[in-house]
Amino acid sequence: MLTPIAAALVLGKGGELGDMIMNGLDTVAPTAALLLFAVLYFGLMMEAKLFEPIVQAIVRASKGDPVRIVVGTAVLALCVALDGDGTTSYMIVCSAFLPVYRRLGMNPLILATLAAMALGTISGTTPWGGAATRGISVLHLSATEYFVHMIGPMALTSLAIIAVAYWLGLRERHKLDAEQLAAYKMEIASGAAFEPVKADWRMWFNAGLTLLLMVLLIMEVADLLVLFMVAFVIALLVNVRTIADQQDLIKRQAANAVPVMILVLAAGVFTGIMTDSGMIKAMADAALAVVPDSMGNLIPLFTAVLALPLGFFMSNDGYWFGVVPVLAESAAHYGIDANEIARAGAIGQILHMMGPTSAPLWVLLGLIKAELGDFQKHALRWGVPVSLAYIAFAVATGAISVT
């Protein structure tokens, strides 16, 4: 917030600061509200243990087979990444599978790699995950218009992650002790490996409500903000009966929602000043001067490729607030929709989750007790090709254009 304010004062536009800031806040307010209710909704679903039966079903289905365990890790990581909060996602995946990995002597870096790729794909793409939220805010986009076209590439990339998990599981299967595997398989078969969770009517209701929410989202029946607001209120009334308990739940989940909401509102200040003062246009004009006219149609593809190294080395704030607006303004000169630039920018989130500027990564490394260098040596060999596949899927489905 202070950086653009200082720049505006230097430019002699101090008298216009109030209007510029309010204009920026007007554009990001719906996104901030969407983020709040999406985080509250998925946080409530986590507390209601909606995903617990999925965890146990995955463990049962694995039957102690390393291939199935690793694939199950990927499936669970992709599911819980819908929460949008990296720390929560990593804690759930590690609490479910890290004991299994340690019991069988499996490499925990596999778990960390899959969890990071899943978080980068799902949380990095969804409008409530934080990264794309920045893009939607700073480019003044409709969350629905941005997201609907990314569902296909996101799903295909999720399948690519599962394919990587299958390959990693095959490699682990040949390394493990046969006696340990046999003993663990007996525990699963006897039911001693975990405590079963009873699926009561509330759990079935939550599952149905979440599925309905996803269907309505895809059908674009209403704006994402409206859908999540209504879904959260319904889920809250069904799962938490007293007002005091409802307030306690909201306070707990606010720890995840409020910091990112503040970030979005601060982004409104940033984009309001940068846009209304003409700074973004000036930077875009300078960048556009070095782009041949014959290659202007490739700006979305260029953005997606550039997002990989920048996502790894830069913070999300620096990338989304400093780089993406300039690329979007440049693309506008060629009639390219800003939604395509936001979609292309989100593709870099897989590598961002593996970079040193990703705060949740340090939590993950602490959980698995691994060094950053060791993790990156293992993770990048899979994260880079999956990211390139994400770009290919986005181009193939039309999420980003090259014509």
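Residues numbered from 1 in each chain as written. Predicted model: local features only at pLDDT ≥ 70, side-chain atom pairs only at ≥ 80, totals over all residues. Heavy atoms only, no water.

The name recorded for the protein in an unreviewed UniProt entry is Citrate transporter, from Streptomyces griseoflavus Tu4000. Among the UniProt annotations of the protein, the heading Subcellular location (unreviewed entry) holds the following wording: "Membrane". (UniProt positions renumbered as here; feature names shortened; annotations may be inferred.)

Where do I start with the packing of helix H4 (residues 66–80) against helix H6 (residues 108–122) in this structure?
Between two packed helices, the angle of one axis relative to the other and the distance separating the axes together describe the packing. Taken N-terminus to C-terminus, the directions of H4 and H6 make an angle of 30 degrees; their axes are 8 Å apart at the nearest point. In terms of orientation, H4 lies roughly parallel with respect to H6. Taken as a pair, H4 and H6 cross one another with a handedness that is right-handed. Across from Val70, Thr73, Ala74, Ala77 and Leu78 in H4, the residues of H6 making contact are Ile110, Leu111, Leu114, Ala115, Ala118 and Ile122. (Axes fitted to C-alpha atoms, helices over the stretch in contact; angles between N-to-C directions. Helix = DSSP H or I, 4+ residues; strand = E, 2+ residues; numbered from the N terminus. Parallel < 35°, antiparallel > 145°, perpendicular 65-115°, else oblique. Left-handed = near helix turned anticlockwise from the far one by under 90°. Contact = heavy atoms within 4.5 Å.)

Quick question: what am I supposed to make of unusual backbone geometry here?
Peptide bonds are mostly trans, and most non-glycine residues show a negative phi. Unusually for a residue other than glycine, Lys49 sits at a positive phi of about 60 degrees. Residue placement: Lys49 occurs in the loop between helix H2 (17–47) and helix H3 (52–62). Accessibility expressed as a relative area gives 47% for Lys49, which makes it partly exposed. Positive phi values are uncommon outside glycine, yet His140 reaches one of about 60 degrees. You can see His140 is positioned in the loop between helix H7 (131–138) and helix H8 (143–148). The partly exposed category is assigned to His140, whose relative accessible area is 40%. (Buried < 20%, exposed > 50% of the residue type's maximum accessible area, 1.4 Å probe, protein only.)

Explain helix H15 (residues 299–313) to me, please; I cannot follow it from the model alone.
Along an α-helix, a turn takes 3.6 residues, which lines up residues three or four apart on a common side. Relative to the 21 Å expected for 15 residues at 1.5 Å per residue, H15 spans 21 Å between its end C-alpha atoms, a close match to the ideal helical length. What H15 keeps buried is the set Ile299, Pro300, Thr303, Ala304, Ala307, Leu308, Gly311 and Phe312. Looking at the buried positions of H15, the neighbouring elements they touch are helix H16 (316–332), helix H17 (338–346), helix H18 (349–352) and helix H20 (372–397). (Expected span 1.5 Å × (residues − 1).)

Would you take a moment to explain the pattern of salt bridges for this structure?
Think of it this way: side chains of opposite charge can pair up when their charged atoms draw near. Following the criterion strictly, the structure yields three salt bridges and no others. In this structure, Arg252 engages Glu47 in a salt bridge whose closest nitrogen and oxygen atoms are separated by 2.6 Å. With Arg252 in helix H13 (residues 243–276) and Glu47 in helix H2, the pair connects residues that are 205 residues apart, well separated along the chain. With a relative accessible area of 43%, Arg252 lands in the partly exposed category. (Salt bridge = Lys/Arg side-chain N within 4 Å of Asp/Glu carboxyl O.)

Just to check I follow, could you spell out the nonpolar core for this structure?
The tendency in soluble globular proteins is for nonpolar side chains to be buried side by side. Of all hydrophobic cores here, the largest spans 129 residues; its most connected members are Tyr41 and Phe228. For this core, the element with the highest residue contribution is H2, accounting for 17 residues. In this structure, Phe228 is in contact with Leu34, Phe37, Ala38, Tyr41, Phe42, Trp128, Leu213 and Leu217, ignoring residues within four places of it in sequence. (Core = buried A, V, L, I, M, F, W, Y, C linked by side-chain atoms within 4.5 Å.)

Mind showing me how you'd approach H4 here?
Between the first and last C-alpha of H4 there are 21 Å, a value that for 15 residues agrees with the 21 Å anticipated at 1.5 Å per step. Counting buried residues along H4, 12 of its 15 residues qualify, which places the element largely inside the surrounding structure. Among all positions of H4, only Pro66, Val67, Ile69, Val70, Val71, Gly72, Thr73, Ala74, Leu76, Ala77, Leu78 and Val80 are buried.

Can you walk me through the packing of H16 against H17 in this structure?
Running from N to C, H16 and H17 cross one another at 140 degrees; their axes reach a closest spacing of 9 Å. The angle between the axes of H16 and H17 places the two elements in the oblique class. For the pair H16 and H17, the sense of crossing is right-handed. Residues Tyr319, Trp320, Val324, Leu327, Ala328 and Ala331 of H16 form the contact with H17, whose participating residues are Ala338, Ile341, Ala342, Gly345 and Ala346.

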